[in-house]
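Observations on chain architecture
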Amino acid sequence: MNHSIGKLLPVDGYSVQLNGVIPRDFGMSLSHLYQPIIGIEAITLYQTLLSEHDLSSKPETHSHHTLMNYLAIPLDHIYNARRKLEAIGLIQTFSTEKEGRTCFIYQLQPPFSPEQFFYDDMLSLLLNHELGADKYSRLRDRFLKEKHSLEECENITASFDEIFHGYQKSGPAFTARTPEKEANIIKLQTTPGPYLEDDRIDFTWIHQSLKEKMYPAEKILTVRHKRIMMQLASLYDLSSQDLEKAIGWALNEENQLVVEELKEACHDLSPKKGKVTSLKTIEKKDRVVEDPIEDGNVTKEDQFIAMLERKSPRELLEDLSSGNEASAQDLKLIRDVMTEQGLSPGVMNVLVHYVLLKTDMKLSKAYLEKIASHWARKNVTTVRQAMTMAKAEHQKYQQWGKNNKGRVKKQSKEIIPDWFKERENDTEQRKEKQGSQKIDKEEIAARIKRITNNGN
């Protein structure tokens, strides 16, 4: 009896989407590892759906009759092949009603790489059963390259805390490792991403503390949640006590952990008030910056650029607000823009300075992101390039500002920091004195030309 009759019809529609990224050696995985288990029709169906996804710029709906013509196989074979792909983890199927007919969404899952495949106990056992021990061993040896034994080696990989927070592995932020903690570290470090030291967080203590408060510790401290907690603790420089408090704040009424609320809680508990350390900022601090004032040939322009290179965006904000502490909201906005667009702290300083002067000393998110995106596309990497770009594209940026929904009110008086006034006054001394502090358009054009010619 054919169990597929009535469950799938030729007129039923389907569309394809991909969940994740296909690995480089997926073809070898499909033909040599998956195909012996689920058969050639299932593999052909997967590859056909994948090629349809790659050829389409946007989701398209086709009928299964079209798929039958592509594959030259009956509909019941397509149904059975799809079910095998679902069972092995290569497809997830969702159904919906669209325009009076049933439509299926086939969400393709990336196949394992050969190495991942053989490390999966279930898949490797299935392949062993289908091929036999000898063929399986030869295939496994072919795909799994011989590696150096690490049993007697010492792992000296730098951790996130060492680089971003300056902690040593034997420092006060870390506790002695036990066999249980060592096993936990190995388990948590199997996923890619920043290398984290588990020493700073005592999950055994947190587990006990949650138990005492009658919380479901096992459901809260899953492997995924522990990984997130380690990342947040390292990112915001938190202790075990801080993290335990954040977990309490992030539980809903059913005592389930809400990850987004955990992130917000860790941000609020940060000793640095949510400030995330930037590796680029650290490199700036570690680098010895020569003071241009000692050189008698430097101009105010050079001093201004050197100052922007030395200061962090936080310090610049505080300077522009007469020493008042920068708000966490502004710092978060700057951090997000720097991270998303890959801007250096110096370039970000120019952008912050420019936007503040043009938006009545308020950081407009849309305006900031639009200019930052433009600079990223133009590969602006230095302070001088950023200044030149801001001047050259001034008219365009001014138009962008006018098009913002939150239209910027015209400033009655431009607020500028002292060091910018000095730079402006120096320019005026080299030109004819003017009655106001506004720089003449011809002077701006001349300065742009000099910077472009001399500073490239």
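Residues numbered from 1 in each chain as written. Predicted model: local features only at pLDDT ≥ 70, side-chain atom pairs only at ≥ 80, totals over all residues. Heavy atoms only, no water.

1. Thoughts on the pairing of strand β4 (residues 101-108)
Formally: Pairing between two strands requires that DSSP report at least two bridges joining them. Numbering goes from the N terminus for both helices and strands, where a helix is a DSSP run of H or I of at least four residues and a strand is a run of E of at least two.
In this sheet, β4 lies alongside strand β1 (residues 13-18) in parallel orientation, the contact comprising six bridges. Across the sheet, Leu 18 pairs through a bridge with Leu 108, a residue of β4. The antiparallel hairpin formed by strand β3 (residues 91-98) and β4 contains two residues in its connecting segment, where Glu 99 sits at a positive phi of about 55 degrees.

2. Some remarks on the environment of Glu 97
This is how the line gets drawn: The buried label applies to any residue whose accessible area, calculated with a 1.4 Å probe on protein chains only, is under 20% of its type's maximum; exposed applies above 50%, and partly exposed to all values in between. Any pair of nitrogen or oxygen atoms within 3.5 Å is treated as a polar contact; in protein, a donor-acceptor pairing is required on top of that, and neighbouring residues in sequence qualify only through side-chain atoms on both sides.
Here Glu 97 lies in strand β3. When its relative accessible area of 59% is taken as the criterion, Glu 97 is described as exposed. Spatially, the C-alpha atoms of Glu 97 and Asp 12 are 9.7 Å apart, while their sequence positions differ by 85 residues. Engagement of the side chain of Glu 97 in a polar contact is seen with the side chain of Thr 102, the distance being 3.2 Å.

3. Describing the packing of aromatic side chains
Defined as follows: Stacked, tilted and edge-to-face are the three classes applied to pairs of Phe, Tyr and Trp rings, where Trp contributes its six-membered ring and a pair requires centres within 6.5 Å; stacked means planes under 30 degrees apart, edge-to-face means over 60, and tilted covers the rest. In our convention, an over-ring charge means Lys NZ or Arg CZ found within 6 Å of a ring centre and within 35 degrees of that ring's normal.
In the structure shown here, the tally under the stated rule is six aromatic pairs. An aromatic cluster is present here, built from Tyr 34, Phe 117, Phe 118, Tyr 136 and Phe 143 joined pairwise through their rings. When the ring centre of Phe 104 is taken as reference, the NZ or CZ atom of Arg 82 above it lies at 5.3 Å.

4. Looking at the side chain of Ser 113
Short version of the rule: Only heavy atoms enter the contact rule, under which two residues are in contact if any of them lie within 4.5 Å.
Here Ser 113 lies in the loop between β4 and α5 (114-119). Leaving out residues up to four positions away in the same chain, Ser 113 has contacts with Asp 25 and Ser 29.

5. Focus: the packing of helix α19 (residues 345-358) against helix α20 (residues 365-377)
Just so we agree on the cut-off: In this analysis, axes come from line fits to C-alpha atoms, helices being fitted only over the stretch in contact, and the angle between any two N-to-C directions falls in the range 0 to 180 degrees. Any angle between 65 and 115 degrees counts as roughly perpendicular, while under 35 counts as roughly parallel, over 145 as roughly antiparallel, and the rest as oblique. Whether a crossing is left-handed or right-handed is set by the direction in which the near helix is turned from the far one by less than a right angle, anticlockwise for left-handed and clockwise for right-handed.
One way to put it is that α19 packs onto α20 with a least axis distance of 10 Å and a crossing angle of 140 degrees. By the angle between their directions, the pair α19 and α20 is classed as oblique. Between α19 and α20 lies a crossing of right-handed hand. Together, Val 347, Met 348, Val 350, Leu 351, Tyr 354, Val 355 and Lys 358 of α19 and Tyr 367, Leu 368, Ile 371, Ala 372 and Trp 375 of α20 make up the contact between the two elements.

6. Description of the environment of Pro 59
Position of Pro 59 relative to the elements: it lies in the loop between α2 (40-55) and β2 (62-63). With 42 residues separating them in the primary sequence, Pro 59 and Gln 17 have C-alpha atoms 7.2 Å apart.

7. Regarding the pattern of salt bridges
Operational definition: Here, a salt bridge means any Lys or Arg side-chain nitrogen found within 4 Å of an Asp or Glu carboxyl oxygen.
Inspection of the entire model under this criterion finds five salt bridges. With a shortest N-O distance of 2.9 Å, Arg 82 and Glu 86 are connected by a salt bridge. One end of the pair is Arg 82 and the other is Glu 86, both in helix α4 (residues 75-88) and four residues apart, which spans about a single turn. Judged by relative accessible area, Arg 82 falls into the buried class, the value being 8%. Looking at Glu 86, the relative accessible area reads 24%, which means it is partly exposed.

Take it as geometry only, folks, not as evidence of what the structure does.
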